[in-house]
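Now for the letters of each chain:
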Amino acid sequence: MTISYNWLSEYLPWSIEPEKLSKILTSIGLEVESLTFYENVKGGLAGLTVGEVLTASQHPNADKLKITTVNIGAEAPLQIVCGASNVAVGQKVIVATIGTTIYPSAGDPLTMRVAKIRGEESFGMICAEDEIGLGTSHDGIMVLAADTVVGTPAATLFEPYQDWVYEIGLTPNRMDAMSHYGVAKDVCAYLTHHEKEAKPVAPFPSSFAPDKNNKTIAVSIENETACKRYAGIELTGVTVADSPSWLKNRLTAIGVRPINNIVDVTNYILHETGQPLHAFDAAAITGGKVIVKNVAAGTAFTTLDTKERKLQDSDLLICNATDPMCIAGVFGGAASGVHAGTTSIFLESAWFHPTTIRKTSLHHGLRTDAATRFEKGVDIASTVQVLKRAALLIKEVAGGSISSDITDIYPAVTPKTEVAVKYHYIKKLSGKNYHPEAVKKILTALGFEVLGEGIDELRVAVPYSKPDISIPADLVEEILRIDGLDNIEIPTTITISPAVEVASAKEVIKEKTTQFLVGKGFVEIFTNSITNSQYFTPAVLETAVKMMNNLSADLDVLRPSMLETGLETIAYNCNRRNHNLRLFEFGKTYATSGSGQYSEKEHLCIYLSGLDTEEGWRVKSKEQDLLMAKGILQAIATITGLPPISWSLDDTAKDTASTCVAATVGGIHIAALQEVSPKKRQQFDIKQGVVFVDIDVAALVTAAEKQKIVYKEVSKFPAVQRDLALVVDRAVTYAAIELAVGTVKLPKLKGIRLFDVFESDKLGVNKKSMALSFTFVDEEKTMTDTETDSMVSKLIGAFEKELGAEIRK
């Protein structure tokens, strides 16, 4: 929200310095994010003065230059070398003297110094309008009126506009502060509470009467739910032209582009009072009727931006006797807008239902200033007051006459919201003991009406300008704001009640995992949960959650998988030559059954791509692969206390993966490891390999919670290791070996490790050798060779029986 200091000051009872006003605004919850000095002419024409050309002779060393003497009202005239073709004796001109900095309309600032031009000294510069920021023309120097007084500062002559501009971080509920007058009311309430009584200077006319009453347009409302009040007035004989300087300056200071005097007044009133207005060319109102209604779905309508839009049956339209003229509260129509030839207008001021306006605005992608105000709820009580103010202002800047009385259709007067609050509740919620009189003073200063008061209760009627106030807590917030959010008392002692987190296991596991991954050189990322449906196959999209009002064609579905958003991040980094990546993310995926049932699942996803480390003279790098990802997942299982993981090949991800391995614990699927397929990588223009680990957080936590972790003393006795080399079929996996070991109940077997795989035709057709290391520990004594050999024999028997293995000698 942009606020002009000069404009805001018009509604304050006395002047307040910009810096002090900034502190007041922040204190009352209108946080000032920036305060900047604004000039419509950069530099404010400082140092520039009016001079008179006394002489103008040809430069002896340049055909296109002249040597002039210029009187600027000083003791002696200045010699200035000028290249303008139109310079002549007797002209009144703008002179930049030595030391003056000029700010061209385009280009960098330039400070005047004594210069020698083709051998002749020059003590300043005679300026063209583009050289001092007063225009864009460079056809020659500016020539002023003959009666302009020599020595007059240019700033006095042209009166450049200067202002201070506040950028306010307005919270979404504060519709009442979306205007200069609304902010002024808050400031006056603060001044009343902290200094002395201050009432805002209202911009509305104290009296109003039309010049004549030749009403030619009738108004009717067909949808009284979507439009609870509609007012209009006619003006004739207006002249559409540029706005006066004061109006242009006000609008440009807050970033609004001036268009013409009629449209500029409606924009001015919007930012002054918060009430959107719309001006129709009266000649376009066919049949002399304005009808507020809905039209049939699919009706074509061309808006002011010349785009044809298909209307919904829920869109509210302002229509004439035959056709729609305007999307109510959102955007005008091309056929009914004010143009250069307009001489009569119908001016609208209305209250439209916030929900209706928001739905229409989002559906058509029209996020206009009017729509953002209507969707938050405008002041229904000021509809007519604002219309009177606007009509008089248009008459002032565009001429003509007010040719009708105001038409005000208000079928059912909206009652004010009533809220009761107890004084002890105010103390409980705010932490501060307010005197009842202070509470009433603050609320009445904000426009609340006291309806009744008890021993411990105050009942008030809420002003229409504050649609967000509906419960006692809202009143406490208003009191705290005006008292000053920085005045909230902080107690000297703070007491807490220890609490036990019911579902803390997940957070503990997430914290442990995060610390482990960061320690391993991973970087945590956060990607958008809304992504592009083009990434997914039709089968995946059948259960995907699609966006109804997506703001971008590329962001139209809630992600059914986290692979794609991670690949976007990898592609972004690779395109910037950051190829060696270790990334992880906690996030959610979304799905629907198609019958209104939606689900979401939390994931921990790990992405590996490129080399595991930078190449060095002592370090050999290698590609990060599926085995490295398996080791990381195994380490996560260890630190979270999971029981042993079972591994198996999985073909369910064949659309995205060349190889996929499923990790299960006790029959529960906890993770999938994928080598992302070249086809999928090509979709994101990624040329290097990518390994993706998708961990189901809920399954991980469930499996970890089932495992009881018990402290066990480290054995005092040495471990014994034995190695075996098994010759098995090439199809035998390490997982099969683990299962075979499990058939032999050996409590003293503490570990098994595969340390070599060898394939050769010498071993036999389709055979391979797998070398394994076994670790045995007896907790009570030192193991003997006889005990160890007995256990190894049992293992050999299991391998021969289960796998058909041979022991390689």
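Each value, and the rule that gives it
- Residues numbered from 1 in each chain as written.
- Predicted model: local features only at pLDDT ≥ 70, side-chain atom pairs only at ≥ 80, totals over all residues.
- Heavy atoms only, no water.
- Phe/Tyr/Trp six-rings, centres within 6.5 Å; stacked < 30°, edge-to-face > 60°.
- Helix = DSSP H or I, 4+ residues; strand = E, 2+ residues; numbered from the N terminus.
- Buried < 20%, exposed > 50% of the residue type's maximum accessible area, 1.4 Å probe, protein only.
- Disulfide = S-S within 2.5 Å.
- Pairing = 2+ DSSP bridges.
- Contact = heavy atoms within 4.5 Å.
- Axes fitted to C-alpha atoms, helices over the stretch in contact; angles between N-to-C directions.

Chemist: Is there a simple way to think about the packing of aromatic side chains in this case?
Modeler: Each aromatic ring pair is characterised by the separation of its centres together with the angle its planes make. The tally for this structure, following the rule as stated, stands at 13 aromatic pairs. Here Trp7 and Tyr268 contribute two aromatic rings whose centre-to-centre distance is 4.5 Å and whose plane-to-plane angle is 15°, an arrangement assigned as stacked. With Trp7 in helix 1 (residues 5–9) and Tyr268 in helix 6 (residues 261–273), this residue pair connects regions lying 261 residues apart in the sequence. Given the relative accessible area of 0%, Trp7 is considered buried. Taking relative accessible area as the criterion, Tyr268 reaches 2% and is therefore assigned buried. For the pair Trp246 and Tyr268, a centre-to-centre distance of 5.6 Å together with 90° between the ring planes defines the contact as edge-to-face. Of this pair, Trp246 sits in helix 5 (residues 245–253) while Tyr268 sits in helix 6, placing them 22 residues apart in sequence. Of the residues examined, Trp246 reaches a relative accessible area of 33% and is grouped as partly exposed.

Chemist: Can you walk me through the state of the cysteines in this structure?
Modeler: Think of a disulfide as a covalent bridge from one cysteine sulfur atom to another cysteine sulfur atom. Evaluated as defined, the whole model comprises zero disulfides. Cys82 forms no disulfide, and the closest cysteine sulfur to it belongs to Cys127, at a distance of 9.4 Å. With a relative accessible area of 0%, Cys127 lands in the buried category.

Chemist: I would appreciate a short explanation of the sheet that holds strand 37 (residues 690–696) in the present structure.
Modeler: What links the strands of a sheet is backbone hydrogen bonding, and the strands pair in either a parallel or an antiparallel sense. Strand order in this open sheet of seven strands is 28-32-33-37-36-35-34, and the pairing throughout is mixed. Of all strands in the sheet, those bounded by a partner on one side alone are strand 28 (523–524) and strand 34 (646–649). Both strand 34 and strand 35 (residues 657–665) contribute to a ladder of four bridges, which runs antiparallel. Across the sheet, Trp647 pairs through a bridge with Ala663, a residue of strand 35. Running over the sheet, helix 16 (residues 626–639) touches strand 32 (581–592), strand 33 (598–609), strand 34, strand 35, strand 36 (668–676) and strand 37 and is turned about 155° from strand 36. Across the sheet, helix 18 (residues 697–706) lies against strand 32, strand 33, strand 35, strand 36 and strand 37, angled at about 60° from strand 37, the strand it touches most.

Chemist: How do you make sense of the sheet that holds strand 40 (residues 767–776) when you look at a structure like this?
Modeler: Taken in spatial order, the four strands line up as 39-40-38-41 in an open sheet, and their pairing is antiparallel. Either end of the sheet is taken by a strand with one partner, and the two such strands are strand 39 (749–759) and strand 41 (806–807). As paired elements, strand 39 and strand 40 share nine bridges and run antiparallel to each other. Counted as the bridge partner of Arg753 is Ser773 from strand 40. Strands in contact with helix 19 (residues 734–742) are strand 39 and strand 40; relative to strand 39, the strand with the most contacts, it is inclined by about 145°. Packing against the sheet, helix 20 (residues 785–803) makes contact with strand 38 (720–729), strand 39, strand 40 and strand 41, and its axis sits at approximately 15° to strand 38.

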